[in-house]
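Structural description and commentary
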Amino acid sequence: MVKAVYPGTFDPITHGHSDLIGRACRLFEEVKVAIAISPSKKPLFPVEERVALAREVLAEHGNVTVCSFHCLLADFCRKERAQVILRGLRAVSDFEYEFQLAGMNRRLVPEVETLFLTPAENFSYISSSLIKEIAGLGGDVSEFVHPVVQTALIEKLGRP
Ligand code: COA
């Protein structure tokens, strides 16, 4: 039984995240999507809303659960008895930060391995910030996010 924790801010969850989770749930018995409060990123959606959106989007996957966490990722993984931290690599530009994060987490929780997956090519340029910017300016994000997320973005940002 391998349990993977997929941490992130998910503000909001995009097709890029879902693509990665779809791949992960074929590889691991259990995938836990762990949504960080990430106050320094000043998220648009409060963490409870990010959790609710991710739960709705990921409902089809029987072995995926979603929760928030408010502590160190290393402590969360220990508490969850996870063996794997899963992260996505979209482009070379992600690498430096991910390398640093993986190194620090290894130091903090040596028994947990960080593994990387790449999303499908057509999602490699998505980021939650870009989605929020496009939606905020009235652009169509239906290609990049689930309809419930699109609706939530319109409710939050309004229609220009
Ligand atoms: N598809 C689409 N977008 C993706 C993606 C994918 N597969 N993978 C990452 N992204 C995007 C995200 O949307 C996000 O975009 P944004 O910056 O525009 O919002 C960006 O890439 C990276 O964000 P995310 O994956 O959410 O990671 P993060 O850098 O916000 O979160 C945590 C990093 C939460 C894992 C880290 O801060 C953490 O562990 N926090 C807990 C506290 C802790 O333990 N700190 C010490 C760490 S050693």
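Treat the numbers as computed from the prediction; the structure is a model and nothing was measured.

All right, on to unusual backbone geometry then. In this chain, Asp11 is followed by Pro12 through a cis amide linkage whose omega measures 0°. With respect to the secondary-structure elements, Pro12 resides in the loop between strand E1 (3-8) and helix H1 (15-27). Phi angles above zero are rare outside glycine, and Ser38 is one such case at about 45°. Relative to the elements of secondary structure, Ser38 occurs in the loop between strand E2 (30-36) and helix H2 (47-57). Given the relative accessible area of 15%, Ser38 is considered buried.

This next bit is on the site of the ligand. Taken together, the neighbourhood of the ligand is formed by 24 residues, with Thr9, Lys41, Leu73, Ser128 and Ser129 sitting nearest. Within the backbone of Gly16, an N or O atom sits 3.3 Å from a nitrogen atom of the ligand. In this structure, an oxygen atom belonging to the ligand sits 3.2 Å away from a side-chain N or O atom of Arg87. Here the shell around the ligand takes four residues from helix H4 (residues 92-108), the largest share from any one element. Tallied by class, the residues present in the shell around the ligand amount to 12 nonpolar, nine polar and three charged.

Mapping His17 onto the fold places it in helix H1. When its relative accessible area of 17% is taken as the criterion, His17 is described as buried. Setting aside anything within four residues of it in sequence, one finds His17 in contact with Tyr6, Phe10, Pro12 and Ser128.

To continue, consider the sheet that holds strand E3 (residues 64-69). One open sheet holds the five strands; their spatial order is E3-E2-E1-E4-E5, and the pairing between them is parallel. In this open sheet, the two strands that pair with only one neighbour each are E3 and strand E5 (113-117). Each neighbouring strand pair of the sheet contributes to a mean axis angle of 30°, computed without reference to strand direction. Alignment of E1 against E2, held across six bridges, turns out to be parallel.

Each value, and the rule that gives it
Throughout this document, residue positions are counted from 1 along each chain, in the order its sequence is written. The model is predicted, so local features are restricted to residues of pLDDT at least 70 and side-chain atom pairs to those at 80 or more, both for listing and for counting; the totals for chains, interfaces and linings are taken over all residues. Computation of side-chain values: all heavy atoms of the structure, hydrogens and water removed. Secondary structure is summarised from DSSP: a helix means a run of H or I of at least four residues, a strand means a run of E of at least two, and numbering begins at the N terminus for each. Type-normalised accessible area, obtained with a 1.4 Å probe on protein chains alone, sets the label of each residue: buried when under 20%, exposed when over 50%, and partly exposed for intermediate values. For this purpose, a residue is taken to be near a molecule or strand whenever a single non-hydrogen atom of the residue falls within 4 Å of it. Polar contact is defined as a pair of N or O atoms within 3.5 Å, subject to the rule that within protein one atom must be able to donate a hydrogen and the other to accept it, and that residues adjacent in sequence are counted only when both atoms are side-chain atoms. Residue polarity is assigned by list, with Asp, Glu, Lys and Arg as charged and Ala, Val, Leu, Ile, Met, Phe, Trp, Tyr, Cys and Pro as nonpolar; anything else, Gly included, falls into the polar class. Any pair of residues with heavy atoms lying within 4.5 Å of one another is described as a contacting pair. At least two DSSP bridges between two strands are needed for those strands to be called paired. With axes taken as lines fitted to C-alpha atoms, and helix axes fitted only over the stretch in contact, angles between N-to-C directions fall between 0 and 180 degrees.

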